[in-house]
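Residue-level listing of the chains:
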Amino acid sequence: MTPVYPLPSAVTLVDVGPRDGLQNEATVVPAEAKVELVHRLQAAGLREIEVTSYVSPKWVPQMADNHSVMAGIQRAAGVRYAVLTPNLRGFEDALSDKPDEIVVFGAASEAFSQRNINCSIDVSMERFRPVVAAARDHGIKVRGAISCALGCPYQGEVTADEVEHVVRLMKDIGVQHCGVADTIGVGTPAKVQAALERALKHYPVEEVSGHFHDTYGQALANIYASLQLGVHVFDASVGGLGGCPYAKGATGNVATEDVVYMLHGLGIHTGIDLDALVDAGAYISGVIGRPTASRVARALMARRGAAA
Ligand code: HMG
Ligand code: MG
């Protein structure tokens, strides 16, 4: 039986909207709009923002403006800016933009590793190894993301053993933080706890995080189940933006607004101003011309409309 601890008193949210959210947009979002989104997120109290990725522009054209976006940001004190770097080429490109953190992203399923980064799990680790070493030499923190930890669009079921295998590989090459990612949003609470427990066998609780796409509407329940294990770092995406280009049909990450509302309701500190966050979500929804996917944002905007 999974032990249930008292819920954490504070949670750190990493807004991945500018990267995970926008990477999947078919129409190009101008770099200035991405920069404005980052500014609004930091003004709303986000202290960790995943800004962009240094990947092939042929594979993910939306992130081709990585340098312009990073250069355009007026950095706020105390905010950490993370970027994705799948290989040494990506890391070298990212270095001049001075990220606080880099993310290497592997997968718990071989099939997804091949589709997403064009190599096997073992080869991905050999590509990550020099990236991790170089980042740590430069004093840049390294986060690892394990995609498809709760299920894979190509393989189907993914076991906790498969997750732990990749956790171990990441730990062996010096990755400092382990993100357990439900790329296609199929996980349910007990399965999420089983996957997280494997990460917690190898990483301290402050270095384990959850990244839950909300395709099947399970993400908030999965975050609650994670809180019960003491996990207190989560990725989320303002407005529920996004999806993954290599996981067709998967919707965006859980909306940051929805997570903040739940956490504040539980009396858990986030440092985030929900109203300002809703405004940030409304801003980017306007840019991409789609209504927000956040239930909380819709409810709060309806209430504002009624009060006006
Ligand atoms: P590859 O084809 O295996 O690499 O791609 P390669 O070394 O053979 O190079 C092929 C071409 O890519 C060459 O260019 C390289 O210069 C170029 P060409 O000669 O054809 O003109 N290249 C690069 N260009 C820019 N930046 C680089 C880079 N590396 C090589 N870093 C690679 C390997 C990983 C680059 C490719 O497969 C790729 O870009 N894939 C995209 C992966 C991606 O961004 N996926 C979405 C993000 S992951 C995600 O969303 C999941 C997450 O949110 C967690 C979750 O939800 O699960 C994190
Ligand atoms: Mg994702």
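### A few points about the nonpolar core
One finds Leu-13, Ile-102 and Leu-277 to be the most contacted residues of the largest nonpolar core, which totals 92 residues. Dropping the residues within four chain positions of it, Leu-277 is found in contact with Leu-41, Ala-44, Leu-46, Val-238, Thr-256, Glu-257, Val-260 and Ile-272.

### Side note on helix H12 (residues 295–307)
Over its 13 residues, H12 extends 18 Å from the first C-alpha to the last, a length consistent with the 18 Å expected when each residue adds 1.5 Å. Residues of H12 that are buried: Val-296, Ala-297 and Leu-300. Along the long axis of H12, the arc covered by the buried residues comes to 95°, so they all point the same way. Among the exposed residues of H12, those pointing more than 90 degrees away from its buried face are Arg-295 and Ala-306. For H12, the side-chain oxygen to backbone nitrogen distance between the N-cap and Val-296 is 3.3 Å, and the N-cap itself is Ser-294.

### Side note on the site of ligand 1
In the vicinity of ligand 1 lie 26 residues, with Arg-19, Asn-87, Asn-116, Ser-147 and Thr-183 positioned nearest. One nitrogen or oxygen atom from the main chain of Ser-56 is found 2.9 Å from an oxygen atom belonging to ligand 1. Contact between ligand 1 and Thr-183: an oxygen atom at 2.4 Å from a side-chain N or O atom of the residue. Considered on its own, ligand 1 offers 1,100 Å² of accessible surface; in the complex 76% of this is hidden by protein. Elements with a minimum of two residues in the shell around ligand 1: helix H1 (17–21), helix H4 (88–95) and helix H5 (110–117). Grouping the amino acids of the shell around ligand 1 by side-chain chemistry returns 11 nonpolar, 10 polar and 5 charged.

Reading guide: rules and limits
- Residues numbered from 1 in each chain as written.
- Chains lettered and ligands numbered in written order.
- Predicted model: local features only at pLDDT ≥ 70, side-chain atom pairs only at ≥ 80, totals over all residues.
- Heavy atoms only, no water.
- Core = buried A, V, L, I, M, F, W, Y, C linked by side-chain atoms within 4.5 Å.
- Buried < 20%, exposed > 50% of the residue type's maximum accessible area, 1.4 Å probe, protein only.
- Contact = heavy atoms within 4.5 Å.
- Helix = DSSP H or I, 4+ residues; strand = E, 2+ residues; numbered from the N terminus.
- Expected span 1.5 Å × (residues − 1).
- Arc of directions from axis to C-beta.
- Polar contact = N/O pair within 3.5 Å; in protein donor to acceptor, adjacent residues only side chain to side chain.
- Near = heavy atom within 4 Å.
- Areas by Shrake-Rupley, 256 points an atom, 1.4 Å probe, with all protein chains shown as cover.
- Nonpolar A, V, L, I, M, F, W, Y, C, P; charged D, E, K, R; others polar.

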